[in-house]
Amino acid sequence: MFAKIRRADDGMAAVEFALVLPAMIALIFGAIEVTSALICKADVSNTASTAADLVAQESQVSTADMNNVFSALGSLIYPFPSTGIKVVISSVIDDGHGGGKVDWSKTYNGTARTKGSAVTVPTGLITTGGSVVLSEVTYIYTPLSNVMVRFPINMSNKFYSHPRRVPQIKCTDCP
């Protein structure tokens with residue numbers, strides 16, 4: 001009788017499937033969450049580089065120009081909600097000591113840098129009498145579902161771009 005029970009394999013596939021199913025579901029949802037987070041991180045990096053690049057192409061900017069830039073940047077984060085994105089774009093000029101200081105700064109959903117405040121830039125990035133456009137993007141990624149990742153992930157990126165037409169980009173109506 002025990003030999004017959006040992007040889008019986010009716011329903012064994014169902015038992016094995018029941019044991020493996022939770023791990024498979026966790027693997028699938030985990031892969032979806034990780035992929036979504038990586039796509040969002042790439043979007044944040046792309047937004048930072050695009051922000052600096054758009055401003056670096058100009059000779060001067062105004063508040064209206066910056067609002068247009070911010071509107072365009074909001075669409076780059078799609079399909080993620082643009083309500084969580086914070087963008088700060090600043091013109092950083094040579095401080096005469098190998099560092100940088102803020103000439104002007106504009107923001108979308110964040111806090112602008114204070115005019116004249118010191119900014120640490122990589123060595124040799126700002127030439128004497130020159131400047132760079134610094135864009136800083138932060139985004140709080142909220143997972144699509146709360147199955148695998150149950151907390152928001154803070155993502156951020158900085159990007160520096162040299163002005164293309166002038167040594168320093170001026171803001172016509174900045175404080």
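Right above here is the structure, for reference.
Basis of the calculations
Residue numbering note: each chain is counted from 1, following its sequence as written. Only residues with pLDDT of at least 70 get local features here, since the model is predicted, and only at 80 or more are side-chain atom pairs given and counted; chain-wide, interface and lining totals rely on the full set of residues. The side-chain numbers reported here are obtained from all heavy atoms of the structure, hydrogens and water having been left aside. Side-chain rings of Phe, Tyr and Trp, where Trp is taken by its six-membered ring, are said to pair if the distance between their centres is within 6.5 Å; with planes under 30 degrees apart they count as stacked, over 60 as edge-to-face, and otherwise as tilted. Helical segments are the DSSP runs of H or I of at least four residues, strand segments are the runs of E of at least two, and each set is numbered from the N terminus. Using a 1.4 Å probe on the protein chains alone, a residue whose accessible area is under 20% of its type maximum counts as buried, one over 50% counts as exposed, and one in between counts as partly exposed. We define a salt bridge as a contact between a side-chain nitrogen of Lys or Arg and a carboxyl oxygen of Asp or Glu at a distance within 4 Å. A fitted line through C-alpha atoms serves as each axis, taken over the contacting stretch for helices, and the angle formed by two N-to-C directions is quoted from 0 to 180°. Orientation is classified from the angle alone, with under 35 degrees giving roughly parallel, over 145 giving roughly antiparallel, 65 to 115 giving roughly perpendicular, and any other angle giving oblique. For any helix crossing, the convention is left-handed if the near helix is rotated counterclockwise from the far helix by under a right angle, and right-handed if that rotation is clockwise. The criterion used for residue contact is that any of the two residues' heavy atoms lie within 4.5 Å. Following the grouping adopted for this structure description, the nonpolar residues are Ala, Val, Leu, Ile, Met, Phe, Trp, Tyr, Cys and Pro, the charged ones are Asp, Glu, Lys and Arg, and the polar ones are all others, Gly among them. A helix is expected to span 1.5 Å multiplied by its residue count minus one. The angle between axes fitted to the seven residues ending at a residue and the seven residues starting there is what we call the bend at that residue. Strand pairing is defined by DSSP finding a minimum of two bridges between the two strands.

This next bit is on the packing of aromatic side chains. This model, assessed by the stated rule, comprises two aromatic pairs. Between Phe70 and Tyr108 the ring centres are 5.8 Å apart and the planes differ by 25°, which places this aromatic pair in the stacked class. Note that Phe70 is positioned in helix α3 (residues 63–76) and Tyr108 in strand β3 (residues 100–108), a separation of 38 residues in sequence. Exposure remark for Phe70: the relative accessible area of 6% places this residue in the buried category. Overall, Tyr108 belongs to the partly exposed group, its relative accessible area being 28%.

The next thing to look at is the pattern of salt bridges. Applying the stated criterion across every chain yields a total of four salt bridges. A salt bridge links Lys170 to Asp103; the shortest N-O distance between them is 3.9 Å. Here Lys170 is found in strand β7 (residues 170–171), whereas its partner Asp103 is found in strand β3, with 67 residues between them in sequence. When its relative accessible area of 13% is taken as the criterion, Asp103 is described as buried. Among the charged side chains, a salt-bridge network with shared partners connects Asp103, Lys115 and Lys170.

Position of Gly74 relative to the elements: it lies in helix α3. With ten residues separating them in the primary sequence, Gly74 and Gly84 have C-alpha atoms 9.8 Å apart.

This part is about the packing of helix α2 (residues 12–56) against α3. Look at α2 against α3: their axes get within 10 Å of each other, and the N-to-C directions meet at 155°. Judged by the inter-axis angle, α2 sits roughly antiparallel to α3. Both α2 and α3 take part in a crossing whose hand is right-handed. Listed contacts from α3 to Asp43, Asn46, Thr47, Thr50, Ala51, Leu54 and Val55 of α2 are Met66, Val69, Leu73 and Leu76. For the contact of α2 with α3, the residue count by class is seven nonpolar, three polar and one charged.

Next up on the list: α2. A rise of 1.5 Å per residue sets the reference length of α2, with its 45 residues, at 66 Å; its end C-alpha atoms lie 66 Å apart and thus fit the reference within 8%. The largest bend in α2 is about 35°, located at Val20, with the proline Pro22 one to four residues further on.

Taken in spatial order, the five strands of this open sheet run β4-β3-β2-β5-β6, and their pairing is antiparallel. The two strands at the open ends of the sheet, each matched to only one other strand, are β4 (118–119) and β6 (153–161). Across nine bridges, the pairing between strand β2 (residues 85–94) and strand β5 (residues 131–141) is antiparallel. Bridging across to β5, Ile93 finds its partner in Ser131.

In terms of residue burial, β5 counts as a mostly covered element, since nine of its eleven residues are buried. Relative to β6, β5 runs antiparallel, the two being bridged by nine bridges. Looking at β6, one finds that Thr138 is bridged to Ser156.

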